[in-house]
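# Understanding the architecture of this molecule
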Amino acid sequence: MNLSFLRLSIWLYLAIFFAYLLGPLVIMSVTAFNSPSFPSATPWECLTFEWFSALFQDTRILNGIKNSLLIGAGTVVLSVTMGLAGALMLTQIWPKLRATYYTVIIAPILIPGVVLGISTLVFWDRINRMLGFGPDSLLSSGLFLTIVGQSTFIASYCMLVLVARLQRYDIALTEAALDLGATHAQAFRKVLLPFMRPAIASAAVLAFLASFENYNTTTFTFGEYPTLTIELAQKVRYGISPAISALAFIIVVLTVFAALANEATIRRRELVAAARRNATVAELSGGRVTLPGFLSGNTAAVLLVVVSIATIVVVGTATVYSPDQCIADVREQKRLEAEKRAEELRRKRDEERKLKAEQAPVTTAPSGSTGSSSFGGVFDPNALQGVPSEPEEEGGADSGFGGAFDPNTLQGSGN
Amino acid sequence: MPRILKDFLSRNGTGPGLVMLGLVLFWTVGLIILPQLSMLDFSFRPNLPPPEMGGPKDVYTLENYKYLIYGPEGGSQAYNTVDLMVFFRTLVAAACVTVFNLIICYPIAYYLGQTKGNHIRVFALMLIIPYWINEILRAFALRIIFGETGVLNTIFTGIGLFDTPFDFIRNDYALYAGLGYAYILLMIFPIYNVIESLDHNQIEAARDLGAPWWRIHWRVVIPYAKPGISSGCTMVFMLSAGALAAPQILGGPSSLWFTQLIYQQFNDSSDWPQGAAYAVVLLVTCVLLVLAVMRLFKVNMGDIGK
């Protein structure tokens, strides 16, 4: 009883937690397919794909993607090489210096990105001036500054990833290569580098993602190379549109794809290894190991196929589907609603006017007699009582006095 | 020293050794140390147009720091209350976000770390996926949800909780939720890494000895997970105090984050030295706060980043 209650609350907590984590992404993705021009999931109006075409026609976004790829490539190369050098150095630095050195190379992770951006900008601006270059030299270009600024901290991430693998490296391997006559460069390239390749690959992926989504540092250094993130931030800050949701949806789908593909290959490798382990010697030597199929026992692979098919279906629908009819319907419905509301408003106003008209003589009479003697004849209290609507019209025309008598007269005449 | 250098070069080969040394020096000195020092130096200088830099007017001054405390010279107020308020509000809010994140992440990290099974991998994947998506887009997603006609307001007015839409953005709830959201992973993973290595027998032993579940956590799990907790808290605190995107997108129009002041000084009023001074203040305060808290809880610097 008690245990099942505990288990239930754990699952409830997990559900709430993952709803907080994934819910915003799901809702954002949904808004990409809804027709209102302000991104909203409720009320659902029409299924539309126009935000995707709006996205692909946005030259600033496309240019941002190009710049992001360029900067990402530069950052990957620079930070992976620096991270590798830093990791190698960490294994053989003078022990007394080790702690200090580690603090220095780990610090950029903790320094706020804003501070890194500013210091990069200020420092290279000064170097540029000291060397006597103009304001459009390489050292002050947004491309260079952004790559350098981002690499400062991304190299630290790479270093952490690489050090984890390097700790399992047996230095005797390099020594053996050297004994066998390899040069240091050869030993590095033929022995150490192949060993480090998986870690280098994951460091490169990490570096690219970190560079692609960096905002705090880039916002100070981008200059004339606004990245995708910068463009997005500017769009989001000054008016949001479902085209951004569309982009987010594409990124979400790509991410899910990559994650599932990665999961599927890992699981596949495990299954193949298990099959080999269970195979008999005869099967192995004959090369007739029955390997499991790609999809069997591999949930991630099944999901991957499902997601691919769903994507193809959605893209296929998008090319033939036209939401014009639905949008027209919704517009018609909105028009009707607005009309109904206007009608109601008019009726209410009419009622009010009627009410006012009944009270009008009482309110206008004293002010009419005291306010102006020249109008006294026209606004004769007795005449008013007989024809209530006429003087009201006059009051509307004559702003000087009509307004003073009764604020509702203006509204009435405007109707 | 030259002997060390010679040893180093003979161990790595002259060519590779020099390349390695060059890269490390470029990174540590050229990208980390010198820019920070340069920013520090810059923050003590007056705001001059480029031709006058290095001229007779380019002297060290405390003007930029005084500005943060006392405001513009001849101002109506004795202290620069606006900027100081923003500064303290940022620190307090960042600390609150950190505590909030710790509270919601600890159970998850504990569960993931101590449960075996295939579904743990699925959970880990679901944790990581949001972090492959741009920070700006995550803030944007929350803005859709918290907006005046957003999902939350539609639901709450629909079930009759509020009569009128509640302005989450003006009241900064959206900002706190966004900051918490942005750094969940950085809190979970360090704690998870530590708890995963905790021997489950220790928990069993405590349970056999009659400890209630909260005491098991208080006396066994939390002391063991302290390095992970401090590492996660440090990262979340530093990152949320230094966040720029979330406050810009989710912050109310009347409330600023300290980084936004820095941003304004660089981009709107182009007073770089002033911005550099503010950045130095932010950096130094955050580092001191983190060190003080680490001293308080007796954690080492070397545990960070594990």
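Residues numbered from 1 in each chain as written. Chains lettered and ligands numbered in written order. Predicted model: local features only at pLDDT ≥ 70, side-chain atom pairs only at ≥ 80, totals over all residues.

On to the overall build of chain A. When helices and strands are tallied, chain A shows 18 helices and 0 strands. Expressed as a percentage of its 415 residues, the buried residues of chain A come to 31%. Across chain A, the fraction of contacts at a sequence separation of at least 24, relative to all contacts at a separation of at least 6, is 71%. (Helix = DSSP H or I, 4+ residues; strand = E, 2+ residues; numbered from the N terminus. Buried ≥ 20, exposed ≤ 12 C-beta atoms within 10 Å, placed from the backbone. Contact = placed C-beta atoms within 7 Å.)

Turning our attention to the overall build of chain B. Counting its regular elements, chain B contains 14 helices and 0 strands. Of the regular secondary structure in chain B, the N- to C-terminal order runs α-α-α-α-α-α-α-α-α-α-α-α-α-α. What you see for chain B is a C-alpha radius of gyration of 24 Å, clearly larger than the 19 Å of a compact globule of 306 residues, by over 25%. Along the first, second and third principal axes, the C-alpha set of chain B runs to 75 × 75 × 35 Å. For chain B, the residues scored as buried account for 40% of the 306 residues in total. (Rg over C-alpha atoms; globule rule 2.2 N^0.38 Å.)

All names here are of chain A. If you check UniProt for "transmembrane region" (unreviewed entry), the listed places come out as residues 12–33, 69–90, 102–124, 144–164, 240–261 and 300–321 in our numbering. As annotated, residues 12–33 has a helix share of 91% and a strand share of 0%, and its two end C-alpha atoms lie 30 Å apart. Secondary structure within residues 300–321 divides into 95% helix and 0% strand; the distance between the first and last C-alpha atoms comes to 31 Å. (UniProt positions renumbered as here; feature names shortened; annotations may be inferred.)

The positions UniProt marks with the feature "transmembrane region" (unreviewed entry) are residues 15–34, 86–112, 118–133, 174–195, 229–250 and 276–297 of chain B. With 86% helix and 0% strand, residues 229–250 of chain B has end C-alpha atoms that lie 27 Å from one another.

A word on the nonpolar core. Ranked by internal contacts, the top residues of the largest apolar core, which has 145 residues, are F140, I191 and A279 of chain B. For F140 of chain B, the contacting residues outside a window of four places in its chain are M28, V236, I240, I244 and A248 of chain A together with I249 of chain B. L260, A264, A300 and L304 of chain A belong to the second largest nonpolar core, which has 5 residues in total. (Core = buried A, V, L, I, M, F, W, Y, C linked by C-beta atoms within 7 Å.)

Quick look at the UniProt feature "domain: ABC transmembrane type-1" (unreviewed entry) in chain A now. Here, the residues flagged by UniProt with the feature "domain: ABC transmembrane type-1" (unreviewed entry) are residues 65–262 of chain A. Here residues 65–262 of chain A is 81% helix and 0% strand, with 24 Å between the C-alpha atoms at its ends.

Our next topic: the interface of chain A and chain B. One widely used convention gives an interface's size as the accessible area the parts lose upon coming together. Opposite the 72 residues of chain A that make contact, chain B presents 65 residues. Tallied by class, the residues present in the side of chain A that touches chain B amount to 49 nonpolar, 18 polar and 5 charged. (Nonpolar A, V, L, I, M, F, W, Y, C, P; charged D, E, K, R; others polar.)

It is worth spelling out the domain arrangement of chain B at this point. Residues and elements named next belong to chain B. We note that the domain assignment places domain 1 (1–43) and domain 2 (72–303) within chain B. Put simply, the middle of domain 1 and the middle of domain 2, counted by C-alpha atoms, are 35 Å apart. Taken together, the contact between domain 1 and domain 2 spans 4 residues of the former and 6 residues of the latter. (Domains from an automatic or database assignment.)

So, about helix 8 (residues 184–212) of chain A. All names here are of chain A. A rise of 1.5 Å per residue sets the reference length of helix 8, with its 29 residues, at 42 Å; its end C-alpha atoms lie only 35 Å apart and thus fall more than 12% short of the reference. Of all the bends in helix 8, the largest measures some 55° and sits at R197, one to four residues before the proline P198. Within the span of helix 8, buried status applies to A187, F188, A199, I200, A203, A207, F208, L209, S211 and F212. (Expected span 1.5 Å × (residues − 1). Bend = angle between axes of the 7 residues up to and from the residue.)

A few words now on the confidence of the model for chain B. Put simply, chain B has an average pLDDT of 81, and 93% of its residues get 70 or more. Taken together, the chains of this predicted complex give a pTM of 0.78 and an interface ipTM of 0.84. (pLDDT = per-residue confidence, 0-100.)

The next subject is the environment of V253 of chain A. By secondary structure assignment, the location of V253 of chain A is in helix 11 (residues 242–278). Between the C-alpha atoms of V253 of chain A and R269 of chain A, which are 16 residues apart in sequence, the distance is 24 Å.

Quick look at the packing of helix 4 (residues 81–114) of chain B against helix 8 (residues 173–182) of chain B now. Residue and element names in this part refer to chain B. Packing of helix 4 against helix 8 leaves a shortest axis separation of 9 Å and a crossing angle of 55°. Overall, the two elements helix 4 and helix 8 adopt an arrangement that is oblique. Judged by the sense of rotation from one axis to the other, the crossing of helix 4 with helix 8 is right-handed. Within the contact between the two elements, helix 4 uses A93, V97, F100 and N101 and helix 8 uses Y176, L179 and G180. Partitioned by chemical class, the residues of the contact of helix 4 with helix 8 number 5 nonpolar, 2 polar and no charged. (Axes fitted to C-alpha atoms, helices over the stretch in contact; angles between N-to-C directions. Parallel < 35°, antiparallel > 145°, perpendicular 65-115°, else oblique. Left-handed = near helix turned anticlockwise from the far one by under 90°.)

A separate point is the confidence of the model for chain A. Residue and element names in this part refer to chain A. The predicted model of chain A averages 78 in pLDDT, with 81% of residues at 70 or higher. Within the model, the stretch residues 363–381 combines pLDDT values under 50 with 18 contacts to residues more than four positions away or in other chains. Scored below 50 in pLDDT, residues 383–415 makes 40 contacts in the model with residues more than four places away or belonging to other chains.

For the rest of this paragraph, the subject is the packing of helix 5 (residues 113–130) of chain A against helix 6 (residues 142–166) of chain A. Geometry of a packed helix pair, given as the angle between the helix axes and the separation of the axes. All names here are of chain A. Close contact between helix 5 and helix 6 brings their axes to 10 Å; oriented N to C, the two are set at 130°. The pairing of helix 5 with helix 6 is recorded here as oblique in orientation. Handedness of the crossing formed by helix 5 with helix 6: right-handed. Contacts between helix 5 and helix 6 involve L116, G117, T120, L121 and W124 from the former and L145, V148, G149, T152 and F153 from the latter. Counted by class, the contact of helix 5 with helix 6 contains 6 nonpolar, 4 polar and no charged residues.

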